[in-house]
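# Structural characterization, general
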Amino acid sequence: MTDPTTADKEAALKFKDEGNVFIKQQNFPKAIELYSKAIDLDPTISIFYSNRALAHIKMDNFQSAFNDCNSAINLDKNNIKAYHRRGMSEVGLLEFRKARADFNIVLNVKPNDATAKRGLAMCERFIREERFKKAIGGGDSGKVNFCKTIDLSSFDANSDLIKYDGMKLEFEELKNEKNENDGIQIKNMSQDFVSFMINGLFLKGKQLPKKYVAAIISHAERLFRKEPTLVEISNKDKDERQLGVDDVKISVCGDTHGQFYDVLNIFQKFGKVSPQHTYLFNGDFVDRGSWSCEVAILFYCLKILYPKNFYLNRGNHETDNMNKMYGFEDECKYKYSQRIFDMFSESFESLPLATLINDDYLVMHGGLPKDTESTLDDIRSIDRFKQPPREGLFMDLLWADPQVAKGFGPSQRGLGYSFGPDITAQYLERNNLKKVFRSHEVRMNGVEFEHDKKLITVFSAPNYCDSQGNKGAIIHVVPGKGKVGVNENDDEDLCVELFEHVTHPDVKPMAYSNGGLGF
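Residues numbered from 1 in each chain as written. Predicted model: local features only at pLDDT ≥ 70, side-chain atom pairs only at ≥ 80, totals over all residues. Heavy atoms only, no water.

## What to know about the side chain of Ser345
Applicable threshold: Working definition: helices are DSSP H or I runs of at least four residues, strands are E runs of at least two. Numbering for both runs from the N terminus. In this description, contact between two residues means that some pair of their heavy atoms is separated by no more than 4.5 Å.
Within the element layout of this structure, Ser345 appears in helix α17 (residues 338-350). Sequence-distant contacts of Ser345, that is, excluding residues within four places in its chain, are made with Asp320 and Gln387.

Shown next, in the form of structure tokens:
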């Protein structure tokens, strides 16, 4: 490596300064591009790497951020921001002991750093919970089944129920063959109740009583638990003479991340759930946004009301680690209680991992398996009723991302991996499929046809985190009635539509998070 010239150093500083401007504008891809140009011209400056690490953290590229922080520290052992950001990267990589060490380094120099204190406290909590799980033999064997064993009478003295004067729900406490509690069934869920809940409560900043929420989660969890790990749905055989040409529709949405007002806009713009209009939301419906409880409760009510016309795939944010870091657990505790979060957590473990539409389209949140001989039967055989492991098919379905290059590559996230167009083509041929739908990543146009148009990424949280400026997208599966050439679509059975974000109350993303690290 030759030493940079004076001109190179001056140009590099200008690129760094321009990158800082884009960081402030929250245009993180552009910031990365500019910091990279600065590094290419002058790779000897520590702050160039630590600044790029911050941009990578904002994009959840935790492995890339970690690598940049290491480079920054190698160049300057006193770059405290690099230690701080490496700790944040390690939290994103779920390496809590390593993150704890880096946060302690920061606090030794800056003992009042609030973000480092929160990061350290989060790491300590995760480490304690991990120790506890090991102490009881791995965590799952002694696990309480909240959704089955819940006793609704334990909520009867709560003030929120006593004060509640809205529409009433009727409950049946189910029993198993041993006369033990076996969950709750809501006997009178209706569209009127859903409308009241939205307009009479949620849009006014009010909450349902905890008793109602517990019953909704319990009922929905039982429905999810009865579904296979790979759900199969179809609208090929609908009788269009009876339903009408526009009534045969399956709509697939990507991440919504607690953006309740944008979720409502989806139903207002594209139609409500009905026996003629099925919806599939492809994971990551909680975290980040500050209305994750409202989104989850709405989705669960729709599942109860339309069990054969409303489906959810599990995303990587329907997991405990993510919920503790990205706000959903804290939001649940603020709006309801720890017990309500525990029930949600359990219900997430029951969510299916993928959906097959019309035997043509495979839909999962993340991406394809790293096993090059894997088939749909491998998905069907996954034991999904737990927190996902760090590797394997379960993890791949939640975390994997596409790449331009052929074969497999490391993930910038540091969790999962990246797969190329040849991997997608081989999987489709091996399983006799037409396309793969996935989500998991922001796309500025809401949708992107990738891998020779054999893979579609759909993202349905417009202006993600109130900062990205992206559009949202939805894919309608409408056999023979598609719109080829519109929004990149090349399939006569698909219709791709885009939408913009809508206004919402002035509440910031992750507003209820007690442990947020600036992600």
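## Considering the sheet that holds strand β9 (residues 401-402)
We apply this condition: Strands were regarded as paired on the criterion that DSSP finds at least two bridges between them.
With mixed pairing, 3 strands are arranged side by side in an open sheet as β9-β11-β10. Where the open sheet ends on each side, the last strands, each with one partner, are β9 and β10 (408-410).

## Some words on the UniProt feature "active site" (unreviewed entry) in the protein chain
Inclusion rule: UniProt positions are given in the numbering used here, feature names are shortened, and annotations may be inferred rather than shown by experiment. Exposed residues in this analysis have more than 50% of their type's maximum accessible area, buried residues have under 20%, and partly exposed residues fall in between, with area computed by a 1.4 Å probe over protein chains only.
Mapped onto the present numbering, the UniProt feature "active site" (unreviewed entry) falls at His317. You can see His317 is positioned in the loop between β6 (310-313) and α15 (320-325). Residue His317 is classed as buried on the basis of its relative accessible area of 3%. Not counting residues up to four positions away in its chain, the partners in contact with His317 are His257, Asp284, Val286, Asp287, Met322, Asn323 and Tyr326.

## Observations regarding the packing of helix α1 (residues 6-24) against helix α3 (residues 46-58)
Let me state the cut-off plainly: Under this scheme, a helix contributes an axis fitted over its contacting stretch, all axes are lines through C-alpha atoms, and angles between N-to-C directions fall in the 0 to 180 degree range. Note on angle classes: values under 35 degrees are labelled roughly parallel, values over 145 roughly antiparallel, values of 65 to 115 roughly perpendicular, and the remainder oblique. Crossing handedness follows the turn of the near helix against the far one: under a right angle anticlockwise gives a left-handed crossing, and clockwise gives a right-handed one. We call Asp, Glu, Lys and Arg charged. Ala, Val, Leu, Ile, Met, Phe, Trp, Tyr, Cys and Pro are nonpolar, and the rest, Gly among them, are polar.
Viewed as axis vectors pointing N to C, α1 and α3 meet at an angle of 25 degrees, and their least axial separation amounts to 11 Å. One element, α1, and the other, α3, form an angle in the roughly parallel class. Crossing hand, α1 versus α3: left-handed. Across the interface between the two elements, Ala12, Leu13, Lys16, Asn20 and Ile23 from α1 touch Phe48, Asn51, Leu54 and Ala55 from α3. A class-by-class count of the residues in the contact of α1 with α3 yields 6 nonpolar, 2 polar and 1 charged.

## Re the UniProt feature "repeat: TPR" (unreviewed entry) in the protein chain
In the numbering used here, UniProt assigns the feature "repeat: TPR" (unreviewed entry) to residues 12-45. Counting secondary structure, residues 12-45 comes out at 79% helix and 0% strand; the distance between its end C-alpha atoms is 9 Å.

## Describing the pattern of salt bridges
As a reminder, the rule being used: Salt bridge, as used here, is a side-chain nitrogen of Lys or Arg placed within 4 Å of a carboxyl oxygen of Asp or Glu.
Evaluated as defined, the whole model comprises 31 salt bridges. Linking Asp102 and Arg86 is a salt bridge whose minimum nitrogen-to-oxygen distance equals 2.8 Å. One end of the pair, Asp102, is in helix α6 (residues 96-109); the other, Arg86, is in helix α5 (residues 80-92), and 16 residues separate them in sequence. Per residue, the accessibility class of Asp102 equals that of Arg86, and both read buried. Notably, a salt bridge pairs Arg225 with Glu221, separated by 2.7 Å at the nearest N-O pair. Within this pair, Arg225 and its partner Glu221 are both found in helix α11 (residues 210-226), separated by 4 residues, close to a single helical turn.

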